[in-house]
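Read off the chains here:
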Amino acid sequence: MAADLSLAQARRIALGAQGLAKERPAGPVSARAVGRTFARIQLVQIDSVNVLSRSHYLPFFSRLGSYDRQIPDRLAGIGPRAMMEYWAHEASFIRPEHFEDLRQWQKRQWVGAQGLEPDLRRSLETRILALLADGDALTAREITKAIDHRQEKVSDGWGWNWSAAKRVLEDLFEQGTLSVASRTPQFERRYTLTGAILPPSGSQLDPDASLRRLIQAAAAAHGIGTIRCFADYFRLPVKPAARAVAELADSGILLPVTVRGWDAALFRHVDAVLPRQAMGRALLSPFDSLVFERRRLDQLFGFHYRIEIYTPAAKRRYGYYVLPFLLGERLVARVDLKADRNNGVLLVRGAFAEAHAPAGTATELAAELRLMASWLSLADVVVEPVGTLAAELAAAVRSGGGGTEEALRSSGHVD
């Protein structure tokens, strides 16, 4: 018989699985703590937008507070690596042990070499692989120059007018033949042979077993969710994922549950913990793994969320780079943020409270914004007069007060 849970209990299971239910640790954040956090959430999504901070740095700040952003760079760029790049939810840092399993199921060819003249494609592949086999990791520009490939960039749609050499590089990356050894300060990939990052697997993997491992990892990162939730985490096809969920349920790794107020077939990972209370406070990246699956976010938190980066400015409801604000076990506000590096300020371009936001939300959010500004080496927080929470938030920022236990308690994280 399926266990019966309240929606509040389901929220706390989800937050606990994501490392967002507890107060942040006191004291300096170690590389070990960053590594443990990454192992818990399984992946962090990569995005090139840098209006605030590179998106893959933000999930660690959300869970750990101020930390050295060079730590993830070292975890992904120095062997033995705890992180490596590949396609997962989208372009992501993944755990290396998931690479071969993902390689079985990722069939993306979105900006690869498809459509190139076959002889040109083969020639570029041969020259690129020979170059990387005999030398250091190189950027696309360095590789193009080294193989003396000269060609006008194409402009036939998606791909940012990439050259043929860049398209072949991305195709080899999608195949898993090439990997990323590190990134430049300008965030360019340095490509290398995957064998320089990971030892050969040595055996042919069973795709069904690979899928079960990935679904189990996704379920552990969720704590609780639907088949679609688990499939979406690594962008796996839903029908095969459903078979994997059924097999994991038969083996007792996933447990059927019902959640009052969430009308769906749900499963809880056998190791998922139900915290007695949720004490977290965090600004969440638009690409945070807690907010990947929008329907789940709406069901669990009553929080309707869309990324509006690609929405024309006049049609945006909340802003360009909007971060949900977690307080206790509820998402209580959202803020449109920009790191104004020229003026040394964290700019709040809009601040909006949810209908259920407790008293003290502005004070808690102000404290979180000051923490983020310090982490980003910005001297101040400036709140523009946009949004339902803006005036109260501006006053809280000016007052410089800290957070209140009452605000956390009234946010509904305690039974």
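What counts and what doesn't
- Residues numbered from 1 in each chain as written.
- Predicted model: local features only at pLDDT ≥ 70, side-chain atom pairs only at ≥ 80, totals over all residues.
- Heavy atoms only, no water.
- Pairing = 2+ DSSP bridges.
- Helix = DSSP H or I, 4+ residues; strand = E, 2+ residues; numbered from the N terminus.
- Axes fitted to C-alpha atoms, helices over the stretch in contact; angles between N-to-C directions.
- Contact = heavy atoms within 4.5 Å.
- pLDDT = per-residue confidence, 0-100.
- Parallel < 35°, antiparallel > 145°, perpendicular 65-115°, else oblique.
- Nonpolar A, V, L, I, M, F, W, Y, C, P; charged D, E, K, R; others polar.
- Buried < 20%, exposed > 50% of the residue type's maximum accessible area, 1.4 Å probe, protein only.
- Core = buried A, V, L, I, M, F, W, Y, C linked by side-chain atoms within 4.5 Å.
- Polar contact = N/O pair within 3.5 Å; in protein donor to acceptor, adjacent residues only side chain to side chain.
- Phe/Tyr/Trp six-rings, centres within 6.5 Å; stacked < 30°, edge-to-face > 60°.
- Lys NZ or Arg CZ within 6 Å of the ring centre and 35° of its normal.

Student: Outline the sheet that holds strand β3 (residues 84-87), supporting the account with residue identities and numerical values.
Tutor: The strand order across the open sheet built from 3 strands is β2-β4-β3, with neighbouring strands paired in antiparallel fashion. The open sheet has two free edges, formed respectively by β2 (43-45) and β3, since each of these has just one partner strand. Across the sheet, the axes of successive neighbouring strands diverge by a mean angle of 35 degrees, strand direction being ignored. Bridge count for β3 against strand β4 (residues 91-94) is 4 bridges, and the pairing is antiparallel. Looking at β4, one finds that Glu85 is bridged to Phe93. Its contacts with the sheet place helix α2 (residues 31-41) against β2 and β4, and it is angled at close to 85 degrees to β2.

Student: Which residues make up the confidence of the model for the chain, and what values go with them?
Tutor: When pLDDT drops low, the exact placement of atoms in the prediction is not to be read closely. Per-residue pLDDT for the chain has a mean of 92; in total, 92% of the residues score no lower than 70. Segment residues 402-415: pLDDT under 50, and 37 contacts once partners within four positions in sequence are set aside and those in other chains are kept.

Student: Account for the packing of helix α1 (residues 7-17) against helix α9 (residues 207-222), with residues named and values stated.
Tutor: Where α1 meets α9, the axes come as close as 6 Å, and the angle between the chain directions of the two elements is 115 degrees. Considered as vectors, α1 and α9 are oriented roughly perpendicular to each other. On α9, the residues touching Ile13, Ala14 and Ala17 of α1 are Ala220, Ala221 and His222. Its residues assigned to classes, the contact of α1 with α9 shows 5 nonpolar, 1 polar and no charged.

Student: Describe unusual backbone geometry, listing the residues and the values that go with them.
Tutor: Look at the link from Gly79 to Pro80: it is a cis peptide, with omega at -10 degrees. Structurally, Pro80 can be placed in the loop between α4 (70-77) and β3. Here Phe187, not a glycine, exhibits a phi torsion of approximately 75 degrees, which is positive. Its place among the elements puts Phe187 in the loop between β5 (178-183) and β6 (189-193). Here the phi dihedral of Arg235 falls at roughly 55 degrees; this positive angle occurs in a residue that is not glycine. A relative accessible area of 32% means that Arg235 is categorised as partly exposed.

Student: Residues and numbers for the nonpolar core, please.
Tutor: Formed by 89 residues in total, the largest nonpolar core has its most connected members in Leu52, Phe234, Leu337, Met372 and Leu393. Once residues lying within four places of it in the same chain are set aside, the contact partners of Phe234 are Gln42, Leu43, Ala88, His89, His98, Leu102, Gln106, Leu214, Ala217 and Ala218. Within the second largest apolar cluster, 28 residues are counted, among which are Leu5, Ala14, Val257 and Leu326.

Student: Tell me about the side chain of Thr144, and please be specific about residues and values.
Tutor: Among the secondary structure elements, Thr144 is positioned in helix α7 (residues 140-146). A distance of 2.8 Å separates a polar atom in the side chain of Thr144 from the backbone oxygen of Ala140. Beyond its immediate chain neighbours, meaning those up to four positions away, Thr144 contacts His149 and Ala165.

Student: Any chance you could break down the packing of aromatic side chains for me, citing the residues and the numbers?
Tutor: Scanning the entire structure with this criterion turns up 9 aromatic pairs. Here the aromatic rings of Tyr86 and Phe99 are separated by 4.9 Å at their centres, their planes lie at 70 degrees, and the arrangement is edge-to-face. Here Tyr86, found in strand β3, pairs with Phe99, found in helix α5 (residues 99-105); they are 13 residues apart in sequence, far enough to count as distant. For Phe99, a relative accessible area of 0% gives the class buried. Between Tyr318 and Phe352 the ring centres are 4.9 Å apart and the planes differ by 80 degrees, which places this aromatic pair in the edge-to-face class. Here the residue Tyr318 occupies a position in the loop between α12 (294-301) and β11 (322-327), and Phe352 occupies one in strand β13 (residues 345-353), the gap between them amounting to 34 residues. The exposure classification of Tyr318 matches that of Phe352, with both residues buried. Through pairs of rings, three or more aromatic residues link up here, namely Phe60, Phe61, Tyr67 and Trp375. Taking NZ or CZ as reference, Arg334 lies 4.0 Å from the ring centre of Phe303, over its face.

Student: Mind laying out the sheet that holds strand β9 (residues 262-269), listing which residues take part and the relevant values?
Tutor: The strand order across the open sheet formed by 4 strands is β1-β8-β9-β7, and the pairing between neighbours is mixed. Edge strands, defined here as strands with exactly one partner in the open sheet, are β1 (3-5) and β7 (224-225). Strand direction decides the pairing type here: β1 and strand β8 (residues 254-259), joined by 3 bridges, are parallel. The residue bridging Asp4 from the neighbouring strand is Thr258, located in β8. Contacts from α12 reach β7 and β9 within the one sheet, and its direction differs from that of β9 by about 100 degrees.

Student: With reference to specific residues and values, describe the environment of Ser55.
Tutor: You can see Ser55 is positioned in the loop between β2 and α3 (58-64). Placed 205 residues apart in sequence, Ser55 and Arg260 show a C-alpha to C-alpha distance of 34 Å. Leaving out residues up to four positions away in the same chain, Ser55 has contacts with Gln45, Ile46, Asp47, Ser285, Phe287 and Tyr321. Of the polar contacts made by the side chain of Ser55, one reaches the backbone nitrogen of Asp47; its length is 3.0 Å.

Student: Would you mind going over the side chain of Ser62 in detail, with residue names and values included?
Tutor: For Ser62, the location among the structural elements is in helix α3. The buried category is assigned to Ser62, whose relative accessible area is 3%. In terms of polar contacts, Ser62 uses its side chain to reach the backbone carbonyl oxygen of Leu283, at 2.5 Å.

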